[in-house]
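Summary of structural features
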Amino acid sequence: MNDLLNDNTVFLNVDEKDKDGILKFISTKAKELDITDDADALYHDFLEREKEFSTGLQDGFAIPHARTNNVKKVTVMYLRNKNSIEWQTLDDQPVKYIFALLVPEKSAGDVHLKMISALATALLEDDFKETVISSNDKGELTRFILKIMKEEN
């Protein structure tokens, strides 16, 4: 599970203006990190998923995810945007904290559901939310998130 999230997939000073910008940012970073070969195709996969059902949660969090052949390895990204952005959420509040899940189609079933479940469960805990909102140490934050995801599985 340690290769799911690392210092290279944690972004603490993202400056995007809207959900579209966030999804493009994720897709571009996925290409740079060799998680996908086609950033544009991945971006469109995220858009298609959002059309099915918004991935906005509550308390400023969203979990956009793509389960697609355009992803080469299971990856979690965490983004903290500088400003809150509009996103359809359960509490009708804007989003600032994003966990992106990227899963290859071939390993989609169990892995995908476990990742979403672990993060969704963790996001019910105030301590978890406070830590991911306030931590400015990528290494510490990465270890914390991975520890919680392992505990939830």
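**Some remarks on the packing of aromatic side chains**
With the rule as written, the count across this model stands at six aromatic pairs. Relative to Y97, the ring of F61 has its centre 5.1 Å away and its plane inclined at 35°; by these criteria the two rings are tilted. Note that F61 is positioned in strand β2 (residues 61-62) and Y97 in strand β5 (residues 95-104), a separation of 36 residues in sequence. Each ring, one from Y78 and one from F99, has its centre 4.8 Å from the other, and the planes form 40°; the classification is tilted. Of the two residues, Y78 is situated in strand β4 (residues 75-85) and F99 in strand β5; the sequence distance between them amounts to 21 residues.

**Concerning the nonpolar core**
Within the largest apolar cluster, 25 residues are counted, with the highest numbers of intra-cluster contacts made by V76, Y78, F99, F128, V132, I145 and M149. Contributions of two or more residues to this core are made by β1 (10-14), β4, β5, α3 (108-122), α4 (126-134) and α5 (138-152). In terms of residue count, α5 provides more of this core than any other element does, five residues in total. Dropping the residues within four chain positions of it, Y78 is found in contact with L5, T9, V10, F11, L12, Y97, I98, F99, V132, I133, L141 and I145. V71, M77, I98 and A100 belong to the second-largest nonpolar core, a separate cluster that totals 22 residues.

Rules and cut-offs
- Residues numbered from 1 in each chain as written.
- Predicted model: local features only at pLDDT ≥ 70, side-chain atom pairs only at ≥ 80, totals over all residues.
- Heavy atoms only, no water.
- Phe/Tyr/Trp six-rings, centres within 6.5 Å; stacked < 30°, edge-to-face > 60°.
- Helix = DSSP H or I, 4+ residues; strand = E, 2+ residues; numbered from the N terminus.
- Core = buried A, V, L, I, M, F, W, Y, C linked by side-chain atoms within 4.5 Å.
- Buried < 20%, exposed > 50% of the residue type's maximum accessible area, 1.4 Å probe, protein only.
- Contact = heavy atoms within 4.5 Å.

Interpretation note: all reported values are geometric properties and have no functional meaning in isolation.
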